[in-house]
Amino acid sequence: MATAEFIILIGLLGLAVGSFLNVCIDRLPKGLSIVALPSHCERCQHRLKPLDLVPVLSYLWLMGRCRYCKVAIPWRIPLGEAVTGLLFAYVAFRYEVTLETVVVLGFVGVLIVVFFIDLEHSLILDRVMYPAVAAALLLVPVGPLGQGQDALHAYIDAFLGIAIGGGTLAMIYFGALRMLGQDAFGWGDVKLGVFLGSILGVTQTLVALPLSFISGGLLGLTLLILKVRGRKDAIPFGPFLAVAGLVSLFWGQTIFNWYQGIFPD
Ligand SMILES: [Zn+2]
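Because the structure is predicted, anything quoted here is derived from the model rather than measured.

Core analysis: the largest hydrophobic core is formed by 52 residues, its most contacted members being Val-108, Val-113, Val-128, Leu-192, Phe-195, Leu-196 and Phe-250. Those elements that place two or more of their residues in this core are α1 (4-27), α3 (76-95), α4 (99-121), α5 (126-138), α6 (151-179), α7 (187-225) and α8 (238-262). For this core, the two domains that each supply at least three residues are domain 1 (1-97) and domain 2 (99-265). In this structure, Val-108 is in contact with Leu-87, Phe-88, Val-91, Leu-246 and Phe-250, ignoring residues within four places of it in sequence.

With that out of the way, let us pick up the coordination of the zinc ion. Looking at the zinc ion, one finds its protein donor set to be Cys-41 (SG), Cys-44 (SG), Cys-66 (SG) and Cys-69 (SG), positioned 2.2 to 2.4 Å from the metal centre. One way to put it: the four donor atoms around the zinc ion meet at angles of 103 to 116 degrees, and that makes the site tetrahedral. Here the donor residues of the zinc ion are spaced in sequence according to C-x2-C-x21-C-x2-C. In this pair, Cys-44 is assigned in the loop between α1 and α2 (57-61) and Cys-66 in the loop between α2 and α3, connecting sequence segments 22 residues apart. By relative accessible area, which is 5% here, Cys-66 ends up buried.

Moving on: the domain arrangement of the protein chain. Along its sequence, the protein chain is organised into domain 1 (1-97) and domain 2 (99-265). Each of domain 1 and domain 2 has a C-alpha centre, and the two are 25 Å apart. Contacts between the two partners involve 21 residues from domain 1, matched on the other side by 19 residues from domain 2. Taken over both partners, the interface formed by domain 1 and domain 2 buries close to 1,900 Å², and the fraction arising from carbon and sulfur atoms is 76%. Its largest share of buried area at the contact with domain 2, domain 1 owes to Ile-25, Leu-28 and Tyr-95, together 31% of the area lost on that side. If you look at where domain 1 meets domain 2, you find one salt bridge. The closest approach of N and O atoms between Glu-120 and Arg-76, which form a salt bridge, is 2.8 Å. Applying the counting criterion to the domain 1 and domain 2 interface returns five residue pairs in polar contact (both at pLDDT 80 or more). Among the elements of the structure, α1 and α3 are those that each provide at least two residues to the side of domain 1 that touches domain 2. Here the element with the most residues in the side of domain 1 that touches domain 2 is α3; it accounts for 12 residues. Residues that form the side of domain 1 that touches domain 2 fall into these classes: 15 nonpolar, three polar and three charged.

With that settled, the discussion passes to α1. Between the first and last C-alpha of α1 there are 35 Å, a value that for 24 residues agrees with the 34 Å anticipated at 1.5 Å per step. Inspection of α1 places Phe-6, Ile-7, Ile-10, Gly-11, Gly-14, Gly-18, Leu-21, Asn-22, Val-23, Cys-24, Ile-25 and Arg-27 among the buried residues, and these make up the whole buried set. The elements touched by buried residues of α1 are α3 and α4.

Unlike most non-glycine residues, Lys-70 shows phi in positive territory, near 70 degrees. For Ser-122, which is not glycine, the phi torsion reads 50 degrees and is therefore positive. Within the secondary structure, Ser-122 sits in the loop between α4 and α5.

Glancing now at the pattern of salt bridges. The tally for this structure, following the rule as stated, stands at five salt bridges. Where Arg-67 meets Asp-52, a salt bridge forms, and the shortest distance between an N and an O atom there is 2.6 Å. Here Arg-67, found in the loop between α2 and α3, pairs with Asp-52, found in the loop between α1 and α2; they are 15 residues apart in sequence, far enough to count as distant. For Arg-67, a relative accessible area of 30% corresponds to the partly exposed category. What makes Asp-52 buried here is its relative accessible area of 11%. For the salt bridge of Asp-126 with Lys-191, the shortest nitrogen-to-oxygen distance reads 2.5 Å. Taken together, the residues span a long stretch of sequence, with Asp-126 in helix α5 and Lys-191 in helix α7 at a distance of 65 residues. With a relative accessible area of 33%, Asp-126 lands in the partly exposed category. We classify Lys-191 as buried; its relative accessible area is 18%. One network of salt bridges, with partners in common, ties together Asp-26, Arg-76 and Glu-120.

Cut-offs used in this document
Residues numbered from 1 in each chain as written. Predicted model: local features only at pLDDT ≥ 70, side-chain atom pairs only at ≥ 80, totals over all residues. Heavy atoms only, no water. Core = buried A, V, L, I, M, F, W, Y, C linked by side-chain atoms within 4.5 Å. Buried < 20%, exposed > 50% of the residue type's maximum accessible area, 1.4 Å probe, protein only. Helix = DSSP H or I, 4+ residues; strand = E, 2+ residues; numbered from the N terminus. Domains from an automatic or database assignment. Contact = heavy atoms within 4.5 Å. Donors = N, O, S within 2.8 Å, 3.2 Å for Na, K, Ca; no water. Tetrahedral: all angles 85-135°; square planar, octahedral: opposite > 155°, others 65-115°. Buried area = accessible area lost by both parts, 1.4 Å probe. Salt bridge = Lys/Arg side-chain N within 4 Å of Asp/Glu carboxyl O. Polar contact = N/O pair within 3.5 Å; in protein donor to acceptor, adjacent residues only side chain to side chain. Nonpolar A, V, L, I, M, F, W, Y, C, P; charged D, E, K, R; others polar. Expected span 1.5 Å × (residues − 1).

Structure follows, in structure tokens:
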């Protein structure tokens, strides 16, 4: 059983981890080290003190501005911290005091980084995806896929998930290139599909893919109708895949059972 103390503790850990994920989101697309440089203001380069780095609270206290030069701090900083804290608390509540919790927290961290980098740069980085897929494969037996089935079946589940997730996206990618002469999304999305397949297995990948297509399609259409985006502006697909992957990781089996209940056979 997860006690309230455990959930709060992991939630607070999540706020601190979210702060680190923000550093990853800022620096990885620029090819900068995520550990070498101390935190500093992007504009005035002033080194940030511990009081400037308290997750969420510093942002509120400073009213969203740098203490030294008053430049606006991106809203993504407190948002990334809050989202990570809340998701970590949910994982602690849901998976309780187990090794599985640690593994799922890792998945959540990867998906948060992928979500924001793709949203801001339309980029899914190899230096995020390759280590993530390698770690996910190593951890299959102790992760969610390893629960209730032995290691062999867990690995079969993971590799079939990869074939479905990566395979479907790769087919759409090449199909669109061939038939429309343009990308439906980037090759990085195919790598993200491989990662999702490896953590979700067959059933949850089958839920995550349609979720991402439907949510991405609906939002794309809405933006087009509202004329926020033109027909030519590509919307990054990675954020939809990341959210659909997370939703499916938590509730994929429930959604699958519900769907089967409506359409038996
Ligand atoms: Zn500054």
